[in-house]
Amino acid sequence: MSFDRSIKIAPSILSADFANFGQEIQAIEAQGADWVHVDVMDGHFVPNLTFGPAAVKAFRPHVKTVMDVHLMIAPVDPYIDAYADAGADVLTAHVEAGPHIHRTLQAIRGAGMKAGVALNPGTPAEAVAHLLDLTDLICVMTVNPGFGGQKFIDMTGKIRALREMIGDRPVHIEIDGGVDPTTAPLVAEAGADVLVAGSAVFRGGSVEAPQVYGDNIRKIRAAATRD
């Protein structure tokens, strides 16, 4: 993965057809997705259950871009090697998920992946001020994690604070939650460069009508990159 600050659209497959993940992943990539975002939830840290390492490993052969795995689980450390083995390119842990986030980020990088750290809406930017040299991505949650399709919570002030903190470090700012053509320009202008979108990408399309995915991706990208 080379680093750049161009806008990247990362559809969340939480909104895909669960019976058809392989073709769904191929369809969104063919239609312009830059990354593929995989939301892992444990029913403990967040109130939902989704994908374990075996499912992520099954997705991997279909992902030709970047597989961006977001762990909404606690604890994280016992599962790092399993997600590395499953083929994650980026592995993101929540700063709220355990007491030793430095150790977690070091272990993620040690396992050969890019290390991400996520912040819930109620967690301030300052929580990652001492992690900036250990991380490759900061994920700003713009919903309370656990379910797709939620209403966007405005975190532009936090994004600007993070952008200033990061300076010239090669650290992405990712936004997860409620991203659509209306909210994309707000977060992009504040300094975000990776936009996770679930229902806003998959709504109205299917593997039989993938051009809808492409139209949705292009609308989000156009909104985020307008001058």
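Here is what the cut-offs are and how they apply
Residues numbered from 1 in each chain as written. Predicted model: local features only at pLDDT ≥ 70, side-chain atom pairs only at ≥ 80, totals over all residues. Heavy atoms only, no water. Core = buried A, V, L, I, M, F, W, Y, C linked by side-chain atoms within 4.5 Å. Buried < 20%, exposed > 50% of the residue type's maximum accessible area, 1.4 Å probe, protein only. Contact = heavy atoms within 4.5 Å. Helix = DSSP H or I, 4+ residues; strand = E, 2+ residues; numbered from the N terminus. Expected span 1.5 Å × (residues − 1). Salt bridge = Lys/Arg side-chain N within 4 Å of Asp/Glu carboxyl O. Lys, Arg positive; Asp, Glu negative; His and termini not counted. Pairing = 2+ DSSP bridges. Arc of directions from axis to C-beta.

Visitor: With reference to specific residues and values, describe the nonpolar core.
Guide: Within soluble globular proteins, side chains that are nonpolar tend to cluster in buried spots. Counting residues in hydrophobic clusters, the biggest one holds 67 residues, and the most contacted among them are Ile-13, Val-69, Ile-138 and Leu-195. Residues in contact with Val-69, not counting those within four places in the same chain, are Val-38, Val-40, Val-56, Tyr-83, Ala-88, Val-90, Leu-91 and Thr-92. If you look at the next biggest cluster of nonpolar residues, it comprises 11 residues, including Trp-35, Val-66, Val-90 and Leu-137.

Visitor: Now, about helix 8 (residues 211-225): what can you tell me, with residues and values included?
Guide: With 15 residues, helix 8 extends 21 Å from end C-alpha to end C-alpha; this agrees with the ideal 21 Å at 1.5 Å per step. Considering only its buried residues, helix 8 is in contact with strand 1 (8-11), helix 1 (21-30), helix 6 (184-190), strand 8 (194-197) and helix 7 (199-202).

Visitor: Residue-level account of the pattern of salt bridges, with values.
Guide: Per the stated rule, a full pass over the model turns up 9 salt bridges. Residue Asp-89 pairs with Arg-60 through a salt bridge whose shortest N-O separation is 2.8 Å. Within this pair, whereas Asp-89 is found in the loop between helix 3 (80-86) and strand 4 (90-94), its partner Arg-60 is found in the loop between helix 2 (53-59) and strand 3 (66-72), the two being separated by 29 residues in sequence. For Asp-89, a relative accessible area of 24% gives the class partly exposed. A salt bridge links Asp-215 to Arg-218; its shortest N-O distance comes to 2.8 Å. Taken together, the positions of Asp-215 and Arg-218, both in helix 8 and 3 residues apart, correspond to about one turn of that helix. Connected through shared salt-bridge partners, Asp-4, Lys-8 and Asp-193 make up one network.

Visitor: Can you lay out the side chain of Asp-176 for me, pointing to particular residues and giving the numbers?
Guide: For Asp-176, the location among the structural elements is in strand 7 (residues 172-176). Salt bridges are absent for the buried Asp-176, whose nearest opposite-charge side chain, Lys-158, sits at 13 Å. Beyond its immediate sequence surroundings of up to four residues, Asp-176 is in contact with His-37, Asp-39, His-70, Cys-139, Val-140, Met-141, Thr-142, Val-143 and Val-196.

Visitor: How would you sum up the pairing of strand 3? Please name residues and give values.
Guide: The buried fraction of strand 3 is high, at 7 of 7 residues. Across the two faces of strand 3 the burial is the same, with Val-66, Asp-68, His-70 and Met-72 and Met-67, Val-69 and Leu-71 all buried. Of the strand pairs in this sheet, strand 2 (residues 35-41) and strand 3 are connected by 7 bridges, and their pairing is parallel. Its bridge partner being in strand 3, Val-40 is matched across the sheet by Leu-71.

Visitor: Give me the lowdown on unusual backbone geometry, citing residues and values where you can.
Guide: Cis geometry is adopted by the peptide bond preceding Pro-75, which originates at Ala-74 and carries an omega value of 0 degrees. Among the secondary structure elements, Pro-75 is positioned in the loop between strand 3 and helix 3.

Visitor: Just give me the short version of helix 4 (residues 101-110), but keep the residues and values in it.
Guide: For helix 4, the full list of buried residues reads Ile-101, Thr-104, Leu-105 and Ile-108. Viewed end-on, helix 4 has its buried residues packed into an arc of 95 degrees, placing them on one side of the element. Counted as exposed and oriented over 90 degrees from the buried face of helix 4: Arg-103 and Gly-110. The elements touched by buried residues of helix 4 are helix 3, strand 4 and strand 5 (114-119). Positive phi shows up at Gly-112, right after helix 4, with a value of about 95 degrees.

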